[in-house]
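Secondary and tertiary structure notes
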2 protein chains.
Amino acid sequence: MVSPEEERELIVTVLSKLGASRPESAIQADVLTEGDLRGHHSHGLQRLPVLAARIRKRLIRVNVDPEYRWTADSVLSVDGKDGLGTFVADSALNVAKSALGQRGIVAVAIRNSSHLGMIGYYCEKKAREGLICIAMTVSEPLVHPHGGTEALVGTNPIAIGIPSDPTPFLFDMATSTSAIGKILAAKHRGESIPEGWAVDAHGKSTTDPDAALQGALTPAAGPKGYGLGIAIGILAGLLPGAEIGRLVAGTLDTEQRCTKGDFFLLMNPRAFAGGPTLATQVAGYLDELRHSRPREGSGAVIVPGDRSRNLREERLRSGIPLPKEVWRAAERLRDEF
Amino acid sequence: MVSPEEERELIVTVLSKLGASRPESAIQADVLTEGDLRGHHSHGLQRLPVLAARIRKRLIRVNVDPEYRWTADSVLSVDGKDGLGTFVADSALNVAKSALGQRGIVAVAIRNSSHLGMIGYYCEKKAREGLICIAMTVSEPLVHPHGGTEALVGTNPIAIGIPSDPTPFLFDMATSTSAIGKILAAKHRGESIPEGWAVDAHGKSTTDPDAALQGALTPAAGPKGYGLGIAIGILAGLLPGAEIGRLVAGTLDTEQRCTKGDFFLLMNPRAFAGGPTLATQVAGYLDELRHSRPREGSGAVIVPGDRSRNLREERLRSGIPLPKEVWRAAERLRDEF
């Protein structure tokens, strides 16, 4: 068991040694630690060795000054200068927030910036500050078109954070049925994957993780996940001046420059007619859902964000159960230079 | 077979007799006719009798002047004064468009406005004008929470239109697995519905349309459609100052005031770094998807919007096959007073 403070400190130490600025290290450490606190370990400390390798190869630049350009009154266009995606996004959202007063809504379009980690992180943070935040980002092509077989669409996730009392509403979904991380985890454990998650290289449904990794993930709900995945690819990839489909690279590997983009919408509820009562009304509605009749054999009805928030609270008390090899790999990075 | 001109003219005549202004009748007629042209008959002429009854009962007002209020520089808050949702939304988007130049993005939040019809209509129209348009709206509670049984979430759809050459990208989805219109159509034909579309009043999966109508629709892809449905309910319901969940009424019946809301985002691609080449890049990507290898036993891969656009073109040539009773009912409305 590791405390979140220990995890953050270890990450900050490693990134500082690699030349990252104090704000860069701090936000990157917080995003990874929050991933582990919520049980999203594929977005947690296990990413640090890849991050470190990317920084050493200068695929990720440290100590960058992202370029913020207001390409319209309510559009902030950001060139991340190949910086840490976590730092670039967090800084850009703060710039957008400080300009939100008059505008009510600001769109933030980011290019040349590395992997964001768990995108719900930014949405929840801004929702805690009283704002509505919608985040979209783009991945490598991993998902086949509905009716197709080739991996041409990203898992292109969307997250939405909305103020609510006492804790924000937070929803975070990939547009694929499952995540590539879950396929890799099944492979690692020598287990098969559920029917419906993936197809093999010939486009046939498969439960073998190796065959799935040669093939493609399925889009969530067929044409729905497919269409939404394309739309997010356009909004978060092409619109900021980044890439889509086969041309997206460098989010997870240690070989290629990151060519993906990100797209955020930040809104002040108080700029809308329903704003003043929004947080209270959202809370009331979510409670109505929670108290509704569960399906036979199910536990109580939950709402998006409940499960990971509960896990986070438990881990804040009792620590984060990290695999020894993940922690050791991070310690080696700290000690090796 | 009916031509779109005949259908539009009949609707305009009926609505004009009911006191609607020329612009109100024209846009409502166009939205219903476009629904029929694309094969979405539940959003076509068959809605006219309900619309007429609602107007007569003054649940829908005609000849309204919606109130447009800029509640922030880039937020247009609209009170539709219980007017025709089609007219209110179309007018509001035109107001937003004329203000888009400096802003780059405008959010439009609408309350007190009746059913929009097919929400993709507005997105495609604006995409043809070179803009990105995202539309969300709220329905009566028809969908059960993931893990739940009670109909507490709307089918809350989202549509996204993006400029592309030569025709826009248009994606339109409900957050339920299927649509209530398809359950009603199955009931009408005396057929059963596919497993997975709905549960009965006890929360058990059912293939009986009558039992489904007493129960609830399932959310698309379980927790994903559920979470997205809640988020859209908040953005398009509560944020504009309208309702969510059980308090949404009056979109389809002839008894209740309409209490739903709508939410639109309108963006000028040219306010973004990727704007100048967007339409060409989108077209290239969509063609790459279309030319990719189809699944065995499937036809060519298509992209969202292809099927309904092809049907529309065919029907522009050969006419719209409307059931006689639907056409007769509309004629009776025209002739009865």
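None of these values were measured; they are calculated from a predicted model.

**A short note on the sheet that holds strand β1 (residues 67-72) of chain B**
One key point about sheets: their strands pair by backbone hydrogen bonds, in either a parallel or an antiparallel sense. Residue and element names in this part refer to chain B. Taken together, the seven strands give an open sheet; going across it, the order is β1-β2-β3-β10-β4-β5-β6, and neighbouring strands pair in mixed fashion. Looking at which strands have only one partner, the edges of the open sheet turn out to be β1 and β6 (169-173). Averaged over all pairs of adjacent strands, the angle between their axes in this sheet comes to 15°, without regard to strand direction. Of the strand pairs in this sheet, strand β5 (residues 158-162) and β6 are connected by five bridges, and their pairing is antiparallel. Along β6, the bridge assignment pairs I162 with F169. Here helix α9 (residues 223-238) sits on the sheet and contacts β4 (132-137), β5, β6 and β10 (262-267); the angle it forms with β4, its principal contact strand, is near 100°.

**Here we look at the relation of the copies chain A and chain B**
Expressed as a screw transformation, the operator carrying chain A onto chain B has a rotation angle of 180° and an axial translation of 0.0 Å, and the superposed copies differ by an RMSD of 0.0 Å. Here the symmetry operator amounts to a two-fold rotation axis. Scanning chain A for the C-alpha nearest the rotation axis identifies A:A221, at a separation of 2.6 Å. Of the interface residues in chain A, 100% have counterparts in chain B that sit at the interface too, so the contact is made through matching surfaces.

**Examining the side chain of B:K126**
Residues and elements named next belong to chain B. Locating K126 in the fold gives a position in helix α6 (residues 120-128). A distance of 3.0 Å separates polar atoms of two side chains, one belonging to K126 and the other to N94. When residues no more than four places from it in sequence are discounted, the contact partners of K126 are L93, N94, K97, L131, C133 and L266.

**A look at the environment of A:K17**
Residue and element names in this part refer to chain A. Here K17 shows up in helix α1 (residues 4-17). By relative accessible area, which is 40% here, K17 ends up partly exposed. With 316 residues separating them in the primary sequence, K17 and L333 have C-alpha atoms 9.3 Å apart.

**Thoughts on helix α2 (residues 22-37) of chain A**
All names here are of chain A. The terminal C-alpha atoms of α2 lie 22 Å apart, and with 16 residues this matches the ideal 22 Å at 1.5 Å per residue to within 8%. Counting buried positions over the 16 residues of α2 gives 13, a clear majority of the element. Of the residues one or two after α2, G39 is the one with positive phi, at around 85°.

**Focus: the pattern of salt bridges**
By the definition in use, this model includes 46 salt bridges over all chains. For the salt bridge of A:D306 with A:R290, the shortest nitrogen-to-oxygen distance reads 2.8 Å. Of this pair, A:D306 sits in helix α11 (residues 306-318) while A:R290 sits in helix α10 (residues 278-290), placing them 16 residues apart in sequence. The class of A:R290 is partly exposed, set by a relative accessible area of 24%. Close ionic contact of B:E67 with B:R69 constitutes a salt bridge, the shortest N to O distance being 3.5 Å.

**Quick notes on empty space enclosed by the protein**
Enumeration according to the criterion identifies two cavities of 30 Å³ or more in this entry. There is about 150 Å³ of room inside the largest cavity. Together, 17 residues line the largest cavity, and A:M136, A:I158, B:I134, B:M136 and B:I158 are the ones closest to its centre. Those elements that provide at least two residues to the lining of the largest cavity are β4 (132-137), β5 (158-162) and α9 (223-238) of chain A together with β4, β5 and α9 of chain B. Looking at the lining of the largest cavity, the element that brings in the most residues is α9(B), giving four residues.

**Some details on the sheet that holds strand β10 (residues 262-267) of chain A**
Residues and elements named next belong to chain A. Strand order in the open sheet formed by seven strands is β1-β2-β3-β10-β4-β5-β6, and the pairing between neighbours is mixed. The outermost strands of the open sheet, each flanked by one partner alone, are β1 (67-72) and β6 (169-173). Going from strand to strand, the sheet's axes swing by 15° on average, the running direction of each strand aside. Where helix α6 (residues 120-128) meets the sheet, it contacts β4, β5, β6 and β10, and its direction lies at approximately 15° from that of β5.

**Considering the interface of chain A and chain B**
Contact residues are listed per partner, giving 81 residues for chain A and 81 residues for chain B. Between chain A and chain B the total buried area reaches about 6,400 Å² when both faces are included, carbon and sulfur atoms providing 67% of it. At the boundary of chain A and chain B, one finds four salt bridges. Taking the shortest distance from any N to any O, the salt bridge between B:E288 and A:R246 comes out at 2.7 Å. On the surface where chain A and chain B come into contact, there are 31 residue pairs in polar contact (both at pLDDT 80 or more). Broken down by element, the residue count for the side of chain A that touches chain B peaks at ten residues, all from α9(A). Along the lines of polarity and charge, the residues of the side of chain A that touches chain B split into 48 nonpolar, 22 polar and eleven charged.

**Section: unusual backbone geometry**
A negative phi angle characterises most non-glycine residues, just as the trans form characterises most peptide bonds. Residues and elements named next belong to chain A. Cis rather than trans, the peptide bond between D165 and P166 has omega equal to -5°. Relative to the helices and strands, P166 is located in the loop between β5 and β6. Here N63, not a glycine, exhibits a phi torsion of approximately 60°, which is positive. By the element assignment, N63 lies in the loop between α3 (48-56) and β1. One non-glycine residue, A221, adopts positive backbone phi at about 55°. Within the element layout of this structure, A221 appears in the loop between β9 (216-217) and α9.

**Brief notes about the packing of helix α2 (residues 22-37) of chain B against α6(B)**
Residue and element names in this part refer to chain B. Contact geometry for α2 and α6: axes closest at 10 Å, N-to-C directions at 105°. One way to sum up the angle between α2 and α6 is to call them roughly perpendicular. On α6, the residues that touch I27, D30, V31 and E34 of α2 are Y121, Y122 and K125. Taken together, the residues of the contact of α2 with α6 break down into four nonpolar, no polar and three charged.

What counts as what
Residues numbered from 1 in each chain as written. Chains lettered and ligands numbered in written order. Predicted model: local features only at pLDDT ≥ 70, side-chain atom pairs only at ≥ 80, totals over all residues. Heavy atoms only, no water. Pairing = 2+ DSSP bridges. Helix = DSSP H or I, 4+ residues; strand = E, 2+ residues; numbered from the N terminus. Axes fitted to C-alpha atoms, helices over the stretch in contact; angles between N-to-C directions. Contact = heavy atoms within 4.5 Å. Least-squares fit on C-alpha atoms with pLDDT ≥ 70 in both. Polar contact = N/O pair within 3.5 Å; in protein donor to acceptor, adjacent residues only side chain to side chain. Buried < 20%, exposed > 50% of the residue type's maximum accessible area, 1.4 Å probe, protein only. Expected span 1.5 Å × (residues − 1). Salt bridge = Lys/Arg side-chain N within 4 Å of Asp/Glu carboxyl O. 1 Å grid on protein atoms, 1.4 Å probe; cavity = no way out; pocket = protein on both sides within 12 Å on 5 of 7 lines; lining within 4 Å. Points joined across faces, edges and corners; volume = space filled by probe spheres on them. Buried area = accessible area lost by both parts, 1.4 Å probe. Nonpolar A, V, L, I, M, F, W, Y, C, P; charged D, E, K, R; others polar. Parallel < 35°, antiparallel > 145°, perpendicular 65-115°, else oblique.

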